[in-house]
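Summary of structural features
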Amino acid sequence: MIEISDLWFDYDGFPVLRGVSLKIELGEVVAIMGENGAGKTTLIRHFNGLLKPKRGYVKVFGVDTREATVAELSRRVGLVFQNPDHQLFAETVFDEVAFALKNFGFPEDVIERRVEWVLKMLDLYDLKDRSPFSLSGGERKRVAIASILSYDPDIIVFDEPTVGQDYGQKERLAQLIKLLKSQSKIIVVVTHDVEFVAENFPRVVLLSKGRVIADGSTRRVLTDEKLIRRANLLLPQVTQVAKHLVEFGVPGDLMWVSEIKGAILKVLGRGCT
Amino acid sequence: MNILKGFEFKHGESIIHKLDPRAKLLFSIVLLVISFIFFNPLILLLIFLSLLPLFYISNVLGDFLKTLRGSLFFIILVFVINFLTLDFIYALSLGLRLILIISCFSIFFLTTYPEDFAEALIKLKVPYDFALTFTMALRFVPTLAREAQLIIDAQRSRGLEIEKGSFIVRLKNYIPILVPLIVGAVRRSIKVAEAMESRAFGASPKRSSIVEFSFKKNDYLFIFLTISLLLFSLWLKYYLHLDDILNSYFHFGQFHPFL
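All values reported here derive from a predicted model rather than from experimental measurement.

**Considerations on the sheet that holds strand S9 (residues 203-208) of chain A**
All names here are of chain A. Judged by pairing direction, the sheet is mixed, and its six strands sit side by side in the order S6-S7-S8-S3-S9-S10 without closing on themselves. The open sheet has two edge strands, strand S6 (77-80) and strand S10 (211-217), and neither has a second partner. Adjacent strand axes in the sheet meet at a mean angle of 15° when their direction is disregarded. Bridge count between strand S7 (residues 155-159) and strand S8 (residues 186-190): five bridges; the pairing is parallel. Bridged to Val-157 within S8 is Val-188.

Shown next, in the form of structure tokens:
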């Protein structure tokens, strides 16, 4: 689990995080949202010790991140960066995915098995001998994800995984998150994609100007117009429609198409769907 | 990447900012020459100290000091290597000389807008393509530094420990950082070229410019002072032999190859 208490961080005196406190338990799937510059990326860089708190503390499974190396923490916290091109370097997809396993000192036969397993899971097995540089954007992103999942960390953090991805890729990512959740991992996703969050995440942490301005169920946070405005986001489309229909007796906190369909039918007197 | 702070242009209204880039370029070159003709640490230190007010009135002293602090490692490295292989005074001189070289470039780039620098190069009959290439290279240094940091973070997050292992292993550790960095730089340069071509770069052979430089009173004064400084230094060095006198005072031999 991750425990953050009164975390302060600044870049050269420019404050980015101002007293963030947060607790995430095993098996939780959490979205971190907020405007550009709210401190989301800075926050997740504390999870594996890339950044160390200036004040307050971050504990990962009880270990204070200031007392462990990035390599030690990364063994349990996998960070999937936004841009796969910042990490792809190996000659083949296989080597790329095996990189972390080698760094963590897994034996050769385990590496072989793990890489094969993760490549099959992410539908990359046919590409295993290709150069990562010759792949499409979506495939590169999946290779980057595979290179983290390969060593089976307990906490998986995705930074903006849906940017530049088509609907099919997003759907795939949602499936993957469900799968990881079923293995009771912690999954943290930084994103601006309200629709993606509304459909797939039970809990949202909203950051604004370095502070947590909301932390709770996705329905409560994402349908609160004031909060959403403060974080420079947009209400989910279904919620926008619902808010327009409040005067007809439709509840204003709907997020899903199935919900609003039911509510509209009820208003129209056709009920029971 | 604090080390680069002192080479990035910082807006300002100071008298130094307003000088013609050509005048500043001359000053930096003269300073570079002076720091190479003198060898005595006292003189070098004096030159360095007399430069500080220049940074101060340009309001860039802080950025310059950040760069100095950032390059402290290299300065100490130069000092230590020379101290171990030659002697203390020699090492001190070379360390100071490195600081002076950094200062020459720093004062120029901190107070000269990159576009103006390109314009000045063109005025000095450097072909436009070369001038542009040079300023673009400068423009992308901070971008590259930022990207390098991102790549380092990404690879460390996959368990890479750069500082671990024997010398050979450590060199090999840089491969996962250099490959994405170089691939990214090449990709970006292609994109920049495309973006420039789509805005008709090179369509007309003769380019006009919005800003036209002309020397003003201050520039002539500055150039006069700069040339006087050069002549004065040459006089001190080759007529008065000030360097040698001070060096012998320090019981400092003349075995080194720079004199």
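**Description of the interface of chain B and chain A**
At the junction of the two partners, chain B supplies 19 residues and chain A supplies 25 residues. Note on chain B versus chain A: buried area summed over both sides is about 1,900 Å², and carbon and sulfur give 57% of it. Interface area lost by chain B to chain A is led by Ser157(B), Arg158(B) and Arg187(B), which between them contribute 37%. Across the chain B-chain A interface, the total number found is three salt bridges. Among the salt bridges present, the one from Arg45(A) reaches Asp153(B), with a minimum N-O distance of 2.6 Å. Taken together, the links from chain B to chain A amount to nine residue pairs in polar contact (both at pLDDT 80 or more). Mapped onto the side of chain B that touches chain A, the elements with two or more residues apiece are helix H7 (128-156) and helix H9 (175-197) of chain B. In terms of residue count, H7(B) provides more of the side of chain B that touches chain A than any other element does, seven residues in total.

**Notes on a nonpolar patch on the surface**
Side chains of Leu72(B), Ile76(B), Val80(B), Phe83(B), Leu84(B) and Phe88(B) sit close together on the surface and give an oily, nonpolar patch of about 560 Å² of accessible area. Judged by relative accessible area, Ile76(B) falls into the partly exposed class, the value being 44%.

**Concerning the pairing of strand S3 (residues 29-34) of chain A**
All names here are of chain A. Burial runs high along S3: six of the six residues are buried. Along S3, one buried face is formed by Val-29, Ala-31 and Met-33 and the opposite face, lined by Val-30, Ile-32 and Gly-34, is buried too. Bridge count between S3 and S8: four bridges; the pairing is parallel. Note on S8: the bridge partner recorded for Val-29 is Ile-187. Two strands pair when backbone bridges link them, and S3 and S9 are joined in this way by five bridges, in the parallel orientation. Residue pairing across strands places Gly-34 opposite Leu-207, the latter belonging to S9.

**What about helix H3 (residues 93-103) of chain A?**
Taken residue by residue, H3(A) has Val93(A), Glu96(A), Val97(A), Ala98(A), Phe99(A), Ala100(A) and Leu101(A) as its buried positions. Contacts from the buried residues of H3(A) go to helix H4 (108-121) and helix H5 (137-149) of chain A together with H7 and H9 of chain B. Gly105(A), located one to two residues past H3(A), shows a positive phi value of around 75°.

**What to know about the layout of surface pockets**
Empty pockets left among the atoms are what a rolling probe the size of a water molecule brings to light. Roughly 1,300 Å³ of internal volume is contained in the largest pocket. Every residue lining the largest pocket is counted, 31 residues in all, and those nearest its centre are Tyr11(A), Arg45(A), Arg146(B), Gln149(B) and Leu150(B). Mapped onto the lining of the largest pocket, the elements with two or more residues apiece are helix H1 (40-44) of chain A together with H7 of chain B. Per-element tally for the lining of the largest pocket: the top contributor is H7(B), with six residues. Considered as a void within the structure, the second largest pocket measures approximately 780 Å³ in volume.

**Overview of the environment of Ile4(A)**
Residue and element names in this part refer to chain A. Residue placement: Ile-4 occurs in strand S1 (residues 2-11). Given a relative accessible area of 4%, Ile-4 falls into the buried group. Spatially, the C-alpha atom of Ile-4 lies 20 Å from that of Thr-218, the residues being 214 residues apart in sequence. Ignoring any residue separated from it by four or fewer positions in sequence, one finds Ile-4 in contact with Val-20, Ser-21, Leu-22, Leu-43, Phe-47, Tyr-57 and Val-58.

**Topic: the confidence of the model for chain B**
Residue and element names in this part refer to chain B. Mean pLDDT for chain B: 85, with 95% of residues reaching 70 or above. Across chain B, H9 holds the top mean pLDDT of 92, while helix H11 (residues 242-249) sits lowest at 75. Interface confidence in the predicted complex, given as ipTM, is 0.89; pTM for the same model is 0.76.

**Focus: the nonpolar core**
Residues and elements named next belong to chain A. Counting 53 residues, the largest nonpolar core has Met-33, Phe-158, Leu-206 and Leu-222 as its most contacted members. The contacts of Phe-158, once residues within four sequence positions are left out, are Val-80, Ile-145, Leu-173, Leu-176, Leu-180, Ile-187, Val-188, Val-189 and Val-190. Among the nonpolar cores identified, the runner-up in size contains 32 residues, and Ile-2, Val-30, Leu-51 and Ala-68 belong to it.

**Section: the packing of aromatic side chains**
Counting across every chain of the model gives 22 aromatic pairs over all chains. For the ring pair Trp235(B) and Tyr239(B), a centre distance of 6.2 Å and an interplane angle of 15° mean the geometry is stacked. With a relative accessible area of 60%, Tyr239(B) lands in the exposed category. Grouping aromatic residues by their ring pairs yields a cluster made of Phe105(B), Phe108(B), Phe109(B), Phe117(B) and Phe134(B). Across from the ring centre of Trp256(A), 5.2 Å away, lies the NZ or CZ of Arg219(A), which sits over that ring. Sitting over the face of the ring of Tyr238(B), Lys237(B) holds its NZ or CZ atom 5.8 Å from the ring centroid.

**Some words on unusual backbone geometry**
Only a minority of non-glycine residues have a phi that is not negative, and only a minority of peptide bonds are not trans. One non-glycine residue, Lys209(A), adopts positive backbone phi at about 50°. Mapped onto the elements, Lys209(A) comes out in the loop between S9 and S10. Here Lys209(A) falls in the exposed class, since its relative accessible area comes to 56%. If you check the backbone angles, Lys125(B) has positive phi at about 70° while not being a glycine. Mapped onto the elements, Lys125(B) comes out in the loop between helix H6 (114-123) and H7. The exposed category is assigned to Lys125(B), whose relative accessible area is 73%.

Thresholds applied
- Residues numbered from 1 in each chain as written.
- Chains lettered and ligands numbered in written order.
- Predicted model: local features only at pLDDT ≥ 70, side-chain atom pairs only at ≥ 80, totals over all residues.
- Heavy atoms only, no water.
- Pairing = 2+ DSSP bridges.
- Helix = DSSP H or I, 4+ residues; strand = E, 2+ residues; numbered from the N terminus.
- Axes fitted to C-alpha atoms, helices over the stretch in contact; angles between N-to-C directions.
- Contact = heavy atoms within 4.5 Å.
- Buried area = accessible area lost by both parts, 1.4 Å probe.
- Salt bridge = Lys/Arg side-chain N within 4 Å of Asp/Glu carboxyl O.
- Polar contact = N/O pair within 3.5 Å; in protein donor to acceptor, adjacent residues only side chain to side chain.
- Patch = residues over 30% accessible without salt bridge, like charges linked within 9 Å, V, L, I, M, F, W, Y side chains within 5 Å.
- Areas by Shrake-Rupley, 256 points an atom, 1.4 Å probe, with all protein chains shown as cover.
- Buried < 20%, exposed > 50% of the residue type's maximum accessible area, 1.4 Å probe, protein only.
- 1 Å grid on protein atoms, 1.4 Å probe; cavity = no way out; pocket = protein on both sides within 12 Å on 5 of 7 lines; lining within 4 Å.
- Points joined across faces, edges and corners; volume = space filled by probe spheres on them.
- pLDDT = per-residue confidence, 0-100.
- Core = buried A, V, L, I, M, F, W, Y, C linked by side-chain atoms within 4.5 Å.
- Phe/Tyr/Trp six-rings, centres within 6.5 Å; stacked < 30°, edge-to-face > 60°.
- Lys NZ or Arg CZ within 6 Å of the ring centre and 35° of its normal.

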